[in-house]
Amino acid sequence: MLKSTLLKATEAGGKILQQYFNGAFEVSSKSTVNDLVTEADKKSEAVIIEVIRQTYPDHFILSEEVGAIKTDSAFKWIIDPIDGTVNFANGIPICCVSIGVEKEGEMILGAVYNPFMNELFIAEKGKGATLNDKPIHVSAKTSVATSCLVTGFPYKWEESDRDPLQVLTSVIKQGIPVRRLGSAAIDLCWVACGRFDGFWEHHLQAWDSAAGYLMVEEAGGKVTHFSGDKYSPYQSDILATNGHIHSELQHLINGK
Ligand code: 2AM
Ligand code: CA
Ligand code: CA
Ligand code: CA
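Residues numbered from 1 in each chain as written. Chains lettered and ligands numbered in written order. Predicted model: local features only at pLDDT ≥ 70, side-chain atom pairs only at ≥ 80, totals over all residues. Heavy atoms only, no water.

Draft legend 1. The arrangement of the environment of Pro-164 in detail. Here Pro-164 lies in helix α4 (residues 164–172). With a relative accessible area of 9%, Pro-164 lands in the buried category. A sequence separation of 25 residues divides Pro-164 from Cys-189, and the C-alpha atoms of the two residues are 22 Å apart. Ignoring anything within four residues of it in the chain, the contact list for Pro-164 reads Pro-154, Trp-157 and His-202. (Helix = DSSP H or I, 4+ residues; strand = E, 2+ residues; numbered from the N terminus. Buried < 20%, exposed > 50% of the residue type's maximum accessible area, 1.4 Å probe, protein only. Contact = heavy atoms within 4.5 Å.)

So this is what it looks like as structure tokens:
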């Protein structure tokens, strides 16, 4: 029931992305000029929440544009109605709907849907991850030197952070290919299905990574913070890999 509602909600959101894509829609800024929200983000969010509410009116909802709709339910839906809004607003078809479901503080289900590539990723705690119903696994690469990596550039820099450019420099100086897609949820799913071997980003919100980090774990990969500590989507930095290159990449991005 939970899974079918998740899929229904994800599909409903994806339909909105397709409807609005490349059309005329309103775009506005939030915290900075480049922190965008479009009509499609709001509409996708509204239909997703409506689908969830039909079956689970009492569940906790945390969604990027409306924020937290708190209840005392053990279940929490963590929603990114469009991950990759800047891509979406520019007509770049690398964006998705991302929804994670937590039960008693543990992520148990996740779905990421890119309607433009017709790719639906699903992760179920303890049951693996799939892409369009086929099981997916992380890559088998064992060395960072032969890896293909992906990252996202931070939108805010904090004094306490390790300089993101130094991190990037230490990787690209070794001639290692690094991509930048602009959707953290897709980055994580592409690590899960072996297209990328590792991903790091400095500042993410819970809705960016909730579904994607479960995808990587269920596909056999590893997700931690830069420190190596157990991952929580409520803390901002993320390192996700196929597992084999995890400690090597961790040392590299920490400058050690
Ligand atoms: P979004 O499209 O849902 O906002 C890419 O590095 C990640 O950062 C994306 O998952 C994106 O999610 C998020 N992001 C994009 N623009 C942002 C901004 N101005 N501030 C904070 N996060 C942003
Ligand atoms: Ca956003
Ligand atoms: Ca996002
Ligand atoms: Ca978003």
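Back to the write-up after that little detour.
Draft legend 2. Representation of the pairing of strand β9 (residues 128–131) in the model. Relative to β9, strand β8 (residues 119–124) is paired through four bridges, and the arrangement is antiparallel. Paired with Phe-121 across the bridge in β9 is Leu-131. Here β8 folds back onto β9 in antiparallel fashion, the turn holding three residues, of which Gly-126 has a positive phi close to 80 degrees. Sheet topology places β9 next to strand β10 (residues 134–135); two bridges connect them, and they run antiparallel. Each bridged residue has a counterpart across the sheet, and for Leu-131 the counterpart in β10 is Lys-134. Hairpin remark: β9 followed by β10, antiparallel, with two residues in the connecting loop; positive phi at Asn-132, about 45 degrees. (Pairing = 2+ DSSP bridges.)

Draft legend 3. Local environment of helix α1 (residues 2–20). Its 19 residues place the ends of α1 28 Å apart at the C-alpha level, agreeing with the 27 Å of an ideal helix rising 1.5 Å per residue. Within α1, the full set of buried residues consists of Leu-2, Thr-5, Leu-6, Ala-9, Thr-10, Gly-13, Gly-14, Ile-16, Leu-17 and Tyr-20. Down the axis of α1, the buried side of the element spans an arc of 165 degrees, and every buried residue falls inside it. In this structure, the buried side of α1 is in contact with α2 (39–55), β5 (75–83), α3 (85–89), β6 (96–103), β7 (106–114) and β8. Downstream of α1 by one or two residues, Asn-22 has phi in the positive range, about 65 degrees. (Expected span 1.5 Å × (residues − 1). Arc of directions from axis to C-beta.)

Draft legend 4. Highlighting the coordination of the calcium ion (ligand 3). Bound to the calcium ion (ligand 3) are the protein donor atoms Asp-80 (OD), Asp-83 (OD) and Asp-208 (OD), situated 2.0 to 2.2 Å from the metal. Taken in chain order, the donor set of the calcium ion (ligand 3) reads D-x2-D-x124-D. Metal-to-metal, the separation of the calcium ion (ligand 3) and the calcium ion (ligand 2) is 5.2 Å. Among the residues examined, Asp-80 registers a relative accessible area of 0% and is labelled buried. (Donors = N, O, S within 2.8 Å, 3.2 Å for Na, K, Ca; no water.)

Draft legend 5. Seen up close, the domain arrangement of the protein chain. Under the domain assignment used here, the protein chain contains domain 1 (2–135) and domain 2 (144–253). Spacing between the C-alpha centres of domain 1 and domain 2 amounts to 21 Å. Carbon and sulfur atoms supply 67% of the area that domain 1 and domain 2 bury against each other, a total of about 2200 Å² over both sides. Along the contact surface separating domain 1 from domain 2 lie one salt bridge. When the shortest N-O distance is used, the salt bridge between Arg-195 and Glu-119 registers 2.7 Å. At the surface where domain 1 touches domain 2, the tally comes to ten residue pairs in polar contact (both at pLDDT 80 or more). Elements supplying a minimum of two residues to the side of domain 1 that touches domain 2: β3 (60–63), β5, β6, β7, β8 and β9. For the side of domain 1 that touches domain 2, the element with the highest residue contribution is β7, accounting for seven residues. Across the side of domain 1 that touches domain 2, the residue classes tally to 18 nonpolar, nine polar and nine charged. (Domains from an automatic or database assignment. Buried area = accessible area lost by both parts, 1.4 Å probe. Salt bridge = Lys/Arg side-chain N within 4 Å of Asp/Glu carboxyl O. Polar contact = N/O pair within 3.5 Å; in protein donor to acceptor, adjacent residues only side chain to side chain. Nonpolar A, V, L, I, M, F, W, Y, C, P; charged D, E, K, R; others polar.)

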